[in-house]
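Secondary and tertiary structure notes
Residues per chain are reported as follows:
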Amino acid sequence: MTAPHPPIADATGPSLSPEGRGVRTTCAYCGVGCGIVATVTGDRQVAIAGDPEHPANRGRLCSKGTHLGETVGLEGRLLAPMIGRRRASWDKALDLVARRFRETIARHGPNSVAFYVSGQLLTEDYYVANKLMKGFIGSANIDTNSRLCMSSAVAGHSRAFGEDVVPASYDDLDAAELIVLVGSNTAWCHPIVYQRIRSACEAGAKLVVIDPRRTETAEEADLHLAIRPGSDVALMNGLLHWCREAGVVDAAYLAAHVSVPEDFWDRTGEGSDLWSVARTCDVAPADLRRFFEMFAATPRTVTMFSQGVNQALAGTDQVNAILNVHLATGRIGKPGAAPFSITGQPNAMGGREVGGLASTLAAHRDFAEANRAAVQRFWASPTIAEKPGLKAVDLFRELGNGRIKALWVMATNPAVSMPDAGAVRAALAACPFVVVSDVVAETDTSVHAQVRLPAAAWGEKDGTVTNSDRTISRQRALFPLPGEAKPDWWIVKEVARRMGWGTAFAYDRPAEIWREHCRLSTYAPDGQRLFALPGQAAKGNADYEAMAPFRWGGTPFADGRYPTPDGRARLAPVVQKAVAPPLKDWPLTLNTGRYRDQWHTMTRTGLSPKLARHREEPLVEVHGDDAAREGLVDGGLARVCTPQGESLYRVRVSEAQRPGEIFVPIHWTDRTASGGRTGLLPRPLVDPVSGQPGFKASPAAIAAVACRWRGFLIVAGEGERPECLWATRVAVPAGVLWELAGDGDPAVLEAVLPKGARIEAADASRGTKRVAVLVDGRLVAALFVTETGLLPSRDWLIEQLGAAQAAPTVLAGRAPGLAVDRGPIVCACFDVGLKTIVSAIAAQGLGDVAAVGAALGAGTNCGSCRPAIARILSQGATHAA
Ligand SMILES: Nc1nc2c(c(=O)[nH]1)N[C@H]1C(S)=C(S)[C@@H](COP(=O)(O)OP(=O)(O)OC[C@H]3O[C@@H](n4cnc5c(=O)[nH]c(N)nc54)[C@H](O)[C@@H]3O)O[C@H]1N2
Ligand SMILES: Nc1nc2c(c(=O)[nH]1)N[C@H]1C(S)=C(S)[C@@H](COP(=O)(O)OP(=O)(O)OC[C@H]3O[C@@H](n4cnc5c(=O)[nH]c(N)nc54)[C@H](O)[C@@H]3O)O[C@H]1N2
Ligand code: SF4
Ligand SMILES: [Mo]
């Protein structure tokens, strides 16, 4: 076997921080793509700081990036190849994968196998997987979780511009005078971009947020339009026609650079007057007019959008409705003026560049005959996929039908994240041969795998990623590969070699793959395509190692030329689809999305005690009217049902929700909870153009769930999930906290208590039971259950887990003297709780977010909690009034 890694000591120049100790790399999480300086401080220990020289973040990091160091331990990692439940050698596992794929293809043809990959692969990994499937296996059945994420933006860009190009950069935010966020909870999901938006606002820019929920992003906006879900086309068409009336449609720009279909203005004009739009979107006409006037008056406008736009059954039309407005007003290709699709995953863009979607070939090429011929020639491959392959939802449907007979999943967890995930699980279970490459030993997906392959994780892998604004940065290894883990590119090329294509996959290091990818990007140019990485193919290994971040494509469309045959962009005559009235049995609209401090299926953020504190449990957020009608109480449990499935959530009554609409997070899995299984709920319906699922609006119902008792278990180490109605895992220092509730006999919980000396107390009148388990005087578990009584704050008991000697008052759940209860953690960076903030505001008369920061530190590092602090301040003011 070849050594997959250049030794870390090779790192020189820009790969090292100025003082020469830290390694420059890129954050593991979101598409902002922040640069990090990582300093290894011990065995699997690393100090994380923002890279002041990275153009995406200039030194700042959000809560998730800041706490990356808490997620690099080896607990839960997959460290050896596994065949079934048994450990296998790499040779055996790779031979088996290659043989089963080869046999399946021989018997059933190339379209009987598939890869399902991820925007969390590096560009080099992605390139190799795409090459193997499209050029050598000869099928395009490789799709990616970006289908669930970006594909409507990809399709919208292609329709309007002729190529999937994001015509914006973060610098445009600094130059903008108006920033419009559509379907984007930027403060939580792209926090460092959000900090840049706040800075622009401090310098005078205005912020408008268009989101059915009043998110923390919306709370700080100059204007929030809480539109009816799925009414974005109506809103944008209304805006377009307002601009036309106001004379800000740029006729000269349209004449010179844009094709306008003959009936465009008539078709988009229907129902686009202010009153009709206000009715369709269910917003006050005065608010709508304010938005339209602001937009019409401000040439320097950036409209940034993400999943509220993309994840809809008319997602592509919604994207084009936004692009239409920018094209028609000529607000594109100029500083501070652009439509800006912001990407989710760290390498969603790199995946688009290599052609990782079933609907693209490679290097921003489609399946046109000339492109197929060029790519096949370049790869010198025996074959080339003829036509687009199966898109994610179709792919898993065909898996269920038995037409896909071998599947390889890399760096994604479809048993959790696909719509109708119950059917996806059944399909995975029924498929004769499932391979999963992952960094953790067990995921809801990998429990169905015949072969599990241990991949290198962040901090070990080495290659490039492209962020939302086309900036390509290096991710660099900090640690040696643990156990037998290998980089994804290495795993794929070893399978390719064993399938008989060793020469075409003879890579020894990511730099070689990078050079080939760059050569393909400039190979056989067609004079139109913008994506190209000229000059990069000449980078030697040392230059690649030292590569500094750079953005490809300059300022796209600055010259008014578009990558279409006639050089013109195209307006798309999109019209609002009727928003269906609620169904009798499914009266609510279910919206799904993210929490600030968790990443997707929590395989890494779930390890961090600090990140766990922001939102410990999966909540269903419900408007007060719906809660009252359905008999839901704040803090109680509720079952959310759709025709596809059901799951439990903790109820939060919230005025941030519109009546009739509920919101749940996507993060919890079988590993982490008995409830919060959001993937089971959405329908497997997709946008007809992009194939992206409509995750943001599913017909649903909700019902209160009574339980006899509530409680919690704090346990040292890992421990298994208690079997009861409600059990949610929360990472804490030195162990795990399980939040519990149940209906039956709480005695079942005894099964998960570790052995040791027990002390117990019970109060039959309240149905209360408290158990502490000690080993050599140290607390190893504490179980508190009650039917009608109160439960103590968990904080002090959690601290006891780490103590050499448990306090005598452990069954009281508090310290022998006065207990300090900080309340729920608001600032994850400095561990500042709600109660601490509220009392400091009262005691010291703190008036604004900056004052709270000066007094407590809260909000002064990543800034992610600044909206929350602002709300605490304003609520304090209303209470006082
Ligand atoms: N903390 C955190 N950050 C992340 C991630 C994470 O898991 N955790 N994941 C990353 C990834 S992969 C992605 S794709 C991004 C996603 O980033 P975002 O798109 O910002 O996040 P979401 O919470 O999915 O949804 C955004 C908003 O769309 C709104 N919305 C729903 N329906 C509509 C509608 O019809 N119209 C409009 N205008 N808005 C609507 C929702 O109410 C929600 O607030 O985040 C990235 N960043
Ligand atoms: N209902 C609903 N569903 C959604 C969404 C929604 O808003 N609502 N959002 C959708 C979106 S936008 C997205 S992006 C998806 C995300 O959904 P997923 O991609 O399923 O979620 P992750 O938890 O990020 O899964 C990544 C997996 O890869 C592993 N991993 C991490 N790094 C590596 C690596 O380097 N190599 C390998 N081989 N494995 C690695 C992790 O341990 C983890 O198991 O969810 C989608 N699903
Ligand atoms: S905004 Fe946060 S999660 Fe996203 S790349 Fe930057 S530090 Fe990482
Ligand atoms: Mo995403």
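Just so it is clear, the model here is predicted, and its values are computed rather than measured.

**Description of the site of ligand 3**
With respect to spatial proximity, the complete set of residues near ligand 3 consists of Cys 27, Tyr 29, Cys 30, Val 32, Gly 33, Cys 34, Leu 61, Cys 62, Lys 64, Gly 65, Pro 191 and Ile 192. Every element with two or more residues in the shell around ligand 3 is listed here: α1 (63-66) and α7 (191-202).

**Digging into the domain arrangement of the protein chain**
Assigned domains within the protein chain: domain 1 (82-149 + 347-472 + 485-530), domain 2 (156-341), domain 3 (588-705), domain 4 (709-812) and domain 5 (825-880). Summarising the inter-unit geometry, the C-alpha centres of domain 3 and domain 4 are found 27 Å apart. Counting each side, the surface lost to burial between domain 3 and domain 4 is near 1,500 Å², with a carbon and sulfur contribution of 58%. The largest contributions to the domain 3 side of the interface with domain 4 come from Pro 609, Glu 616 and Ser 674, which together make up 29% of the buried area. Taken together, domain 3 and domain 4 are joined by one salt bridge. Between Asp 795 and Arg 613 there is a salt bridge, with the nearest N and O atoms lying 2.9 Å from each other.

**Thoughts on the pairing of strand β21 (residues 588-593)**
Counting buried positions over the six residues of β21 gives five, a clear majority of the element. Direction of pairing for β21 relative to strand β26 (residues 698-705): antiparallel, over a ladder of three bridges. Pairing of Leu 590 across the sheet is with Ser 698, part of β26. The sheet contact formed by β21 and strand β25 (residues 661-665) spans five bridges and is parallel. Within β25, the position partnered with Asn 591 by the bridge is Phe 663.

**Describing the nonpolar core**
If you look at the biggest cluster of nonpolar residues, it comprises 70 residues, and the most contacted ones within it are Ile 197, Leu 207, Ile 837 and Ile 869. Of the residues forming this core, the biggest block, six residues, is contributed by α7. In contact with Ile 869, other than residues within four places in its own chain, are Val 826, Ile 837, Val 849, Val 852, Ala 858 and Gly 859.

**Some points on the packing of aromatic side chains**
When we look at a pair of aromatic rings, we describe it by the centre distance and by the angle of the planes. Enumeration according to the criterion identifies 25 aromatic pairs in this entry. Taking the centre distance of 6.0 Å and the plane angle of 65° together, the rings of Phe 101 and Phe 115 count as edge-to-face. One end of the pair, Phe 101, is in helix α2 (residues 90-108); the other, Phe 115, is in strand β6 (residues 113-117), with 14 residues separating them in the sequence. Exposure remark for Phe 115: the relative accessible area of 1% places this residue in the buried category. On the basis of an interplanar angle of 50° and a centroid distance of 4.8 Å, the ring pair of Phe 161 and Phe 557 is categorised as tilted. Residue Phe 161 is located in helix α4 (residues 151-161), and its partner Phe 557 is located in the loop between β19 (550-551) and β20 (569-570); the two are separated by 396 residues in the primary sequence. With a relative accessible area of 0%, Phe 161 lands in the buried category. Among the aromatic side chains, those forming a connected cluster through ring pairs are Phe 101, Phe 115, Trp 408 and Phe 433. One Lys or Arg, Arg 213, reaches over the ring of Phe 663 and ends 3.5 Å from the middle of that ring. Seen from the ring of Trp 552, Arg 470 lies directly overhead, with NZ or CZ sitting 5.8 Å from the centre.

**Remarks on helix α3 (residues 123-137)**
If you check α3, its first and last C-alpha atoms are 20 Å apart, about what 15 residues at 1.5 Å a residue would give, namely 21 Å. Counting buried positions over the 15 residues of α3 gives 15, a clear majority of the element. Just downstream of α3, Gly 138 is the residue with a positive phi angle, here 90°.

**As for the sheet that holds strand β2 (residues 35-42)**
Strand order in the open sheet made by the three strands is β1-β2-β3, with antiparallel pairing throughout. Unpaired on one side and paired on the other, β1 (23-26) and β3 (45-50) mark the two borders of the sheet. Adjacent strand axes in the sheet meet at a mean angle of 40° when their direction is disregarded. The sheet contact formed by β2 and β3 spans six bridges and is antiparallel. By the bridge assignment for β3, Gly 42 is matched with Gln 45.

**Description of the side chain of Thr 71**
Along the polypeptide, Thr 71 turns up in the loop between α1 and β4 (82-83). Only 2.7 Å separates the side chain of Thr 71 from the backbone oxygen of Leu 68, close enough to count as a polar contact. Once you skip the residues sitting within four places of it in the chain, Thr 71 turns out to touch Tyr 29, Arg 604, Thr 605, Leu 607 and Ser 608.

Parameters and conventions
Residues numbered from 1 in each chain as written. Chains lettered and ligands numbered in written order. Predicted model: local features only at pLDDT ≥ 70, side-chain atom pairs only at ≥ 80, totals over all residues. Heavy atoms only, no water. Near = heavy atom within 4 Å. Helix = DSSP H or I, 4+ residues; strand = E, 2+ residues; numbered from the N terminus. Domains from an automatic or database assignment. Buried area = accessible area lost by both parts, 1.4 Å probe. Salt bridge = Lys/Arg side-chain N within 4 Å of Asp/Glu carboxyl O. Buried < 20%, exposed > 50% of the residue type's maximum accessible area, 1.4 Å probe, protein only. Pairing = 2+ DSSP bridges. Core = buried A, V, L, I, M, F, W, Y, C linked by side-chain atoms within 4.5 Å. Contact = heavy atoms within 4.5 Å. Phe/Tyr/Trp six-rings, centres within 6.5 Å; stacked < 30°, edge-to-face > 60°. Lys NZ or Arg CZ within 6 Å of the ring centre and 35° of its normal. Expected span 1.5 Å × (residues − 1). Axes fitted to C-alpha atoms, helices over the stretch in contact; angles between N-to-C directions. Polar contact = N/O pair within 3.5 Å; in protein donor to acceptor, adjacent residues only side chain to side chain.

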